[in-house]
Every structure is written in C-alpha cells, then in structure tokens.
Amino acid sequence: MFLVYTDESGKEFEKDKNGTFRDGPCFLYGGLAVKAGKHHLIEDAFKAMCSEILGIRNIYEVEIHTGDIFYGRKEFEKLNFDRKKEFFREVLQLLAKFNVPMILGLVYKDSIILASELEKKASAIYAFFS
C-alpha cells in the first residue's frame, strides 16, 4: 500500500506587467507515493533535515513551503542561498534514496484547447489521477 501526499502549484492565473504568469506558466497537481511501511523513516529524515539545515525544530508548528524557502519569506527570511540549495538538494537525495516516485499532472496556463481556469485545473488533476 502507498500513502500519496498531494499538493498543487501555479494556481494563480494573474499576469504581471510583462504579461507573464506570476507563479509560472503551468498549473501543476502532483504527489509523492510513499510505501506505507517506510513513511516513518522518510518523515524522521525530513525532520532532521529541517532541523539541521532550516533551523526548524518542530515541523508540525511551521508550514514548510518551497516558495517561502526559495523567496526567503516568513521563518526563512534570514536563510542564505547556500542553505536553501543544500535543503533542496537533500530533499531530492532523500526521495531518490527511498525510491519515492513523484506523480505529476500539468497543464500550460496559455493552453488554447482548454478555455477556463477550472478546465485547466481539472485537466491537471485528472492527468495526475490517470
């Protein structure tokens, strides 16, 4: 059995003054499929990384968002670029070490086949579940 952790990204459809989407050209719906018996090992390793690299002592009290880390917002405003790179590198190594597959559905926001924002989001979610 697998536990699947899902989230979405790129859900804003507003464009900036240059005509580009503020949070990227795609709407993504993705997830990680973790073997049920291994989730505690991965969680423990993730907790250790958050503590050692990010200085987060309790991951249940702080939301750890990639965007907040990358852009230095909230708890991560004093985190230097090298620590950010190290964290993301270690997360990828952790997923590779435990052979955690990533499942992803994505739709380009400028797609002309799908007219509405809802159709684009639904298509990405359906692609994820397929």
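Notes on the structure in this doc start here. Computed from a prediction, not measured in an experiment: that's the story for all the values here. (Residues numbered from 1 in each chain as written. Predicted model: local features only at pLDDT ≥ 70, side-chain atom pairs only at ≥ 80, totals over all residues. Heavy atoms only, no water.)

Examining helix 4 (residues 117-129)
- Along its 13 residues, helix 4 runs 19 Å from first to last C-alpha, staying within 8% of the 18 Å computed at 1.5 Å per residue.
- Of the residues making up helix 4, those classed as buried are Lys120, Ala124 and Phe128. Down the axis of helix 4, the buried set is contained in an arc of 80 degrees. They therefore lie on one face. Facing away from the buried side of helix 4, by more than 90 degrees, are the exposed residues Leu118, Tyr126 and Phe129.
- Along its buried surface, helix 4 packs onto strand 1 (2-9), strand 2 (26-35) and strand 3 (102-108). (Helix = DSSP H or I, 4+ residues; strand = E, 2+ residues; numbered from the N terminus. Expected span 1.5 Å × (residues − 1). Buried < 20%, exposed > 50% of the residue type's maximum accessible area, 1.4 Å probe, protein only. Arc of directions from axis to C-beta. Contact = heavy atoms within 4.5 Å.)

Some points on the nonpolar core
- Residues Cys50, Leu54, Ile56, Ile69, Phe76 and Phe87 are the most contacted members of the largest nonpolar core, which totals 16 residues.
- Grouped together as the second largest cluster of nonpolar side chains are five residues, Tyr29, Val107, Ala124 and Phe128 included. (Core = buried A, V, L, I, M, F, W, Y, C linked by side-chain atoms within 4.5 Å.)

Section: the packing of aromatic side chains
- Tallied over the full model, the rule gives seven aromatic pairs.
- Consider the rings of phenylalanine 70 and tyrosine 71, whose centres lie 5.0 Å apart with planes at 90 degrees: the pair is edge-to-face.
- One aromatic cluster is present, formed by Tyr29, Phe128 and Phe129 through successive ring pairs.
- Just above the ring of phenylalanine 13 sits the side chain of lysine 109; from NZ or CZ to the centre is 5.4 Å. (Phe/Tyr/Trp six-rings, centres within 6.5 Å; stacked < 30°, edge-to-face > 60°. Lys NZ or Arg CZ within 6 Å of the ring centre and 35° of its normal.)

What about the sheet that holds strand 2?
- Pairing is antiparallel across the open sheet formed by three strands, whose spatial order is 1-2-3. In the strand order of this sheet, the two ends are held by strand 1 and strand 3, each with one partner. Each neighbouring strand pair of the sheet contributes to a mean axis angle of 15 degrees, computed without reference to strand direction.
- Where strand 2 meets strand 3, seven bridges bridge the pair, whose relative direction is antiparallel. Its bridge partner lying in strand 3, cysteine 26 is registered against tyrosine 108.
- Packing of helix 4 onto the sheet brings it into contact with strand 1, strand 2 and strand 3, and relative to strand 3 it is tilted by some 155 degrees. (Pairing = 2+ DSSP bridges. Axes fitted to C-alpha atoms, helices over the stretch in contact; angles between N-to-C directions.)

A word on helix 1 (residues 39-54)
- Taking 1.5 Å of rise per residue, 16 residues should cover 22 Å, and helix 1 covers 21 Å from first to last C-alpha, within 8% of that figure.
- Along helix 1, the residues that are buried comprise Ile42, Met49, Cys50, Ile53 and Leu54. The arc that holds every buried residue of helix 1, seen down its axis, measures 100 degrees, which confines them to one face.
- Packed against the buried residues of helix 1 are strand 2, helix 2 (66-71) and helix 3 (81-97).
- Positive backbone phi, at 80 degrees, marks glycine 55, one or two positions downstream of helix 1.

A word on the packing of helix 1 against helix 3
- Axis separation between helix 1 and helix 3 bottoms out at 10 Å; the angle between their running directions is 170 degrees. Taken together, helix 1 and helix 3 sit at an angle that is classed as roughly antiparallel. Only Arg83, Glu86, Phe87, Glu90, Val91 and Leu94 of helix 3 make contact with helix 1, whose side of the interface consists of Ile42, Ala45, Phe46, Met49, Cys50, Glu52, Ile53 and Leu54.
- In the contact of helix 1 with helix 3, the residues fall into ten nonpolar, no polar and four charged. (Parallel < 35°, antiparallel > 145°, perpendicular 65-115°, else oblique. Nonpolar A, V, L, I, M, F, W, Y, C, P; charged D, E, K, R; others polar.)

A short note on unusual backbone geometry
- Here the phi dihedral of lysine 74 falls at roughly 55 degrees; this positive angle occurs in a residue that is not glycine.
- Tracing the sequence through the fold places lysine 74 in the loop between helix 2 and helix 3.
- Looking at lysine 74, the relative accessible area reads 58%, which means it is exposed.

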